[in-house]
Amino acid sequence: FLQATPETLNDWFRGIQRLKDVADTSSFYWDYVMNPRIANEAPLPYRETLWELLCEHGMQEPGPNPATLNAIDSIINALEMAPELNPRGFPVAPAATALYGIADEASREVLRVALYRTAGIPARIDPVTKRTETAEAPGRTQTGASSRWRATTPKAKTQHPVNQAS
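Residues numbered from 1 in each chain as written. Predicted model: local features only at pLDDT ≥ 70, side-chain atom pairs only at ≥ 80, totals over all residues. Heavy atoms only, no water.

J.: What is the right way to look at the overall build of the protein chain in this model?
T.: When its secondary structure is counted, the protein chain shows 8 helices and 5 strands. Counting from the amino terminus, the protein chain carries its helices and strands in the arrangement α-α-α-α-β-α-β-α-β-β-α-β-α. When contacts within the protein chain are restricted to residue pairs at least 6 apart in sequence, those whose partners lie at least 24 apart make up 54%. (Helix = DSSP H or I, 4+ residues; strand = E, 2+ residues; numbered from the N terminus. Contact = heavy atoms within 4.5 Å.)

J.: Is there a simple way to explain the nonpolar core in this structure?
T.: One recurring pattern in soluble globular proteins: nonpolar side chains tend to sit buried together. Counting residues in hydrophobic clusters, the biggest one holds 30 residues, and the most contacted among them are Met-34, Leu-50, Leu-54, Leu-111 and Leu-115. The dominant element in this core, judged by the number of residues it contributes, is helix 6 (residues 105–118), at 6 residues. When sequence neighbours within four positions are dropped, the list of residues in contact with Leu-54 reads Met-59, Ala-71, Ile-72, Ile-75, Leu-115, Thr-118 and Ala-119. (Core = buried A, V, L, I, M, F, W, Y, C linked by side-chain atoms within 4.5 Å. Buried < 20%, exposed > 50% of the residue type's maximum accessible area, 1.4 Å probe, protein only.)

J.: Looking at this structure, I do not really get the side chain of Thr-8. What am I missing?
T.: On the secondary structure map, Thr-8 appears in helix 1 (residues 6–18). Those residues within four positions of Thr-8 in sequence are excluded, and the remaining contacts are Pro-43, Leu-44 and Pro-45.

J.: Can you walk me through unusual backbone geometry in this structure?
T.: Negative phi values dominate among residues other than glycine, just as trans dominates among peptide bonds. Despite not being glycine, Lys-130 has its phi angle at roughly 65°, a positive value. Position of Lys-130 relative to the elements: it lies in the loop between strand 3 (123–125) and strand 4 (132–135).

J.: Got a minute to help me understand the environment of Arg-37 in this structure?
T.: Note on placement: Arg-37 falls in the loop between helix 2 (27–34) and helix 3 (47–56). On the accessibility criterion, Arg-37 (30% relative accessible area) is partly exposed. For the pair formed by Arg-37 and Ala-114, sequence separation is 77 residues and the distance between their alpha carbons is 8.6 Å.

J.: It is not clear to me how the pairing of strand 4 should be interpreted in this structure. Could you clarify?
T.: Looking along a regular strand, one sees the side chains alternate between the two faces of the sheet. Side chains Thr-132 and Thr-134 project from strand 4 onto one buried face, and the interleaved Glu-133 and Ala-135 project onto a second face that is buried too. Between strand 3 and strand 4, which pair antiparallel one after the other, the connecting turn spans 6 residues, and Lys-130 there sits at a positive phi close to 65°. (Pairing = 2+ DSSP bridges.)

J.: What is the right way to look at the side chain of Asp-126 in this model?
T.: Mapping Asp-126 onto the fold places it in the loop between strand 3 and strand 4. Take Asp-126: its relative accessible area is 11%, and that puts it in the buried class. Of the polar contacts made by the side chain of Asp-126, one reaches the side chain of Arg-124; its length is 3.3 Å. Asp-126 has contacts with Arg-131 and Glu-133, leaving out every residue within four places of it along the chain. (Polar contact = N/O pair within 3.5 Å; in protein donor to acceptor, adjacent residues only side chain to side chain.)

J.: Hey, could you run me through the pattern of salt bridges in this one?
T.: One side chain can pair with another of opposite charge once the charged atoms of both are near each other. Following the criterion strictly, the structure yields 6 salt bridges and no others. Residues Arg-108 and Glu-109 are paired through a salt bridge, measuring 2.7 Å at the closest nitrogen-oxygen approach. For Glu-133, the salt bridge identified is with Arg-124, shortest N-O distance 2.9 Å. Judged by relative accessible area, Glu-133 falls into the buried class, the value being 10%. Note on Arg-124: relative accessible area 16%, which makes it buried. Residues participating in the shared-partner salt-bridge network are Arg-14, Arg-18 and Glu-48. (Salt bridge = Lys/Arg side-chain N within 4 Å of Asp/Glu carboxyl O.)

J.: Even after reading the chapter, I still don't get helix 6, so can you show me in this structure?
T.: An α-helical turn contains 3.6 residues, so any two residues separated by three or four positions project in the same direction. Under the 1.5 Å per step criterion, the end-to-end length of helix 6 is 20 Å for 14 residues, consistent within 8% with the ideal 20 Å. In terms of residue burial, helix 6 counts as a mostly covered element, since 12 of its 14 residues are buried. Residues Ala-106, Ser-107, Glu-109, Val-110, Leu-111, Arg-112, Val-113, Ala-114, Leu-115, Tyr-116, Arg-117 and Thr-118 constitute the buried set of helix 6. One or two residues past the end of helix 6 sits Gly-120, with phi positive at roughly 85°. (Expected span 1.5 Å × (residues − 1).)

Structure below.
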């Protein structure tokens with residue numbers, strides 16, 4: 001949180017309050033739902049914006065229910081894919097991607113994870129395959145790392161240039 005602004009922290013704290021009924025105190029849940037940072041994008045506020053967008057697209061309550069999953073799919077499917085607008089592959093904040101409706105592949109996946117997390121669903125971008133994954137058993141303590149995750153997207157074809165060096 002060293003780089004986070006007061007606005008970002010306020011957004012994060014409000015997001016935690018919304019999820020208090022579906023949250024648990026495991027480190028797994030904190031790492032993959034509550035963590036405001038997804039990849040290497042700047043820590044900017046996004047939860048308020050994405051919560052409103054999810055509600056506009058039919059989410060009625062947080063968690064892995066059909067209405068929430070449909071809302072996430074609807075937002076992602078409405079994006080215009082325009083990688084030529086970000087030729088250097090700079091990470092784009094999730095709220096900006098959602099508000100402008102334009103993305104490259106990596107920014108779309110950062111948005112997808114942000115939407116899942118905003119809805120209280122544990123999600124990550126796999127560090128090796130670069131696929132977006134959600135946890136199959138949200139709310140439990142992590143026991144067997146790889147068996148817990150389920151890919152929600154095909155393997156990424158490209159990465160941000162800053163990610164390729166690591």
